[in-house]
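# Summary of structural features
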Amino acid sequence: SQQGEEDPQALSIQEGENATMNCSYKTSINNLQWYRQNSGRGLVHLILIRSNEREKHSGRLRVTLDTSKKSSSLLITASRAADTASYFCATDAIIQGAQKLVFGQGTRLTINP
Amino acid sequence: EPEVTQTPSHQVTQMGQEVILRCVPISNHLYFYWYRQILGQKVEFLVSFYNNEISEKSEIFDDQFSVERPDGSNFTLKIRSTKLEDSAMYFCASSRETGNRETQYFGPGTRLLVL
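Residues numbered from 1 in each chain as written. Chains lettered and ligands numbered in written order. Predicted model: local features only at pLDDT ≥ 70, side-chain atom pairs only at ≥ 80, totals over all residues. Heavy atoms only, no water.

### Let's talk about the packing of aromatic side chains
Residues and elements named next belong to chain B. Spelled out, the test is: In summary, the pairing rule links any two rings of Phe, Tyr or Trp, Trp by its six-membered ring, whose centres are within 6.5 Å, and it sorts them by plane angle into stacked for under 30 degrees, edge-to-face for over 60 and tilted for everything else. Put simply, DSSP H or I for four residues or longer makes a helix, DSSP E for two residues or longer makes a strand, and each gets a number counted from the N terminus. For each residue, the accessible area found with a 1.4 Å probe, counting protein chains only, is set against the maximum for its type, and the residue is called buried under 20%, exposed over 50%, and partly exposed in between.
What the rule picks out here adds up to 14 aromatic pairs over all chains. Each ring, one from Tyr35 and one from Phe45, has its centre 5.7 Å from the other, and the planes form 75°; the classification is edge-to-face. Highlighted residues: Tyr35 in strand β4 (residues 31–37) and Phe45 in strand β5 (residues 43–50), separated in sequence by ten residues. The class of Tyr35 is buried, set by a relative accessible area of 0%. Look at Phe45 and you get buried, because its relative accessible area is 7%. For the ring pair Phe91 and Phe106, a centre distance of 6.4 Å and an interplane angle of 75° mean the geometry is edge-to-face. In this pair, Phe91 sits in strand β9 (residues 88–95) while Phe106 sits in strand β10 (residues 105–106), placing the two residues 15 residues apart along the sequence. Of the two residues examined, Phe91 and Phe106, each falls in the buried class.

Rendered as structure tokens:
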């Protein structure tokens, strides 16, 4: 089954606007993480929200988690051109031993100056 | 701030050749991972490693793949006989612990191109 499916697949907004990306998943999780990837580059960790948390803030980022709906959202406020990137949610699989992350397809965010 | 590093950043190889991708995880981390991302596709889990052994591997991680921690700092991924479909970006990650508290930190990736 697919985990961590983001929508929209692509989002284009004007600088200064807020950007909201959503993620849905199917199975139980320990936590959900959001990552950013600039084109062809590595994954930068943005924020981790635990399954017993509902909302978390970090600077201009706000993440919510609704475990009853198995969904999360990432809000970037007052967007900047430098926020242009792909954003991925990743859920951990509850397994024995080490944690593995299951990534979605990502949302390609474009901030127009 | 400590970070995961990977070398080389790019590797081009001929089909059938062996490649070794290298990673230096964050120094106090105990759990190590390899992921790959084929161009335009999702990031996919390959393998996790703890206490000098594989703790989980995906179905992608077949007999052509192996991992090793040859010393106290390096973590390597070896592909014995590369195939065209192995062309991808390979990411190493590490975490201090597991469970609901722990973030996995990713390296910048190695872009592998198999010709």
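### Remarks on the sheet that holds strand β8 (residues 71–76) of chain A
All names here are of chain A. Keep this limit in mind: DSSP-based pairing: two strands are paired if at least 2 bridges between them are found. Fitted lines through C-alpha atoms serve as axes, helices being fitted only where they are in contact, and the angles separating the N-to-C directions of these axes extend from 0 to 180 degrees.
Taken together, five strands build an open sheet; the order of strands is β1-β3-β8-β7-β6 and the sheet is antiparallel. With partners counted over all chains shown, the strands left at the sheet margins are β1 (5–7) and β6 (55–58), one partner each. In this sheet, neighbouring strand axes are inclined to one another by 20° on average, regardless of whether the strands run parallel or antiparallel. In this structure, strand β3 (residues 19–24) lies alongside β8, joined through six bridges in antiparallel fashion. Looking at the pairing, Ala19 lines up with Ile76 of β8.

### Notes on a nonpolar patch on the surface
Counted only if it meets this: Each patch groups residues whose relative accessible area exceeds 30% and which form no salt bridge, using 9 Å between like charges and 5 Å between nonpolar side chains of Val, Leu, Ile, Met, Phe, Trp and Tyr. For the accessible areas, the method is Shrake-Rupley and the probe is 1.4 Å, while residue cover comes only from the protein chains on display. Basic side-chain nitrogens of Lys or Arg form a salt bridge, by our definition, when they fall within 4 Å of a carboxyl oxygen of Asp or Glu.
There is a patch of nonpolar side chains on the surface, built from Val12, Leu113 and Leu115 of chain B and spanning about 270 Å² of accessible area. One can find Leu113 of chain B in strand β11 (residues 110–114).

### Examining the confidence of the model for chain A
To keep things clear, this is the line we draw: Residue-level confidence of the predictor, termed pLDDT, takes values from 0 up to 100.
Taken over all residues, the pLDDT of chain A has a mean of 89, while the share at 70 or more is 91%. Mean pLDDT across the elements of chain A ranges from a minimum in β1 of chain A, with 77, to a maximum in strand β7 (residues 61–66) of chain A, with 97.

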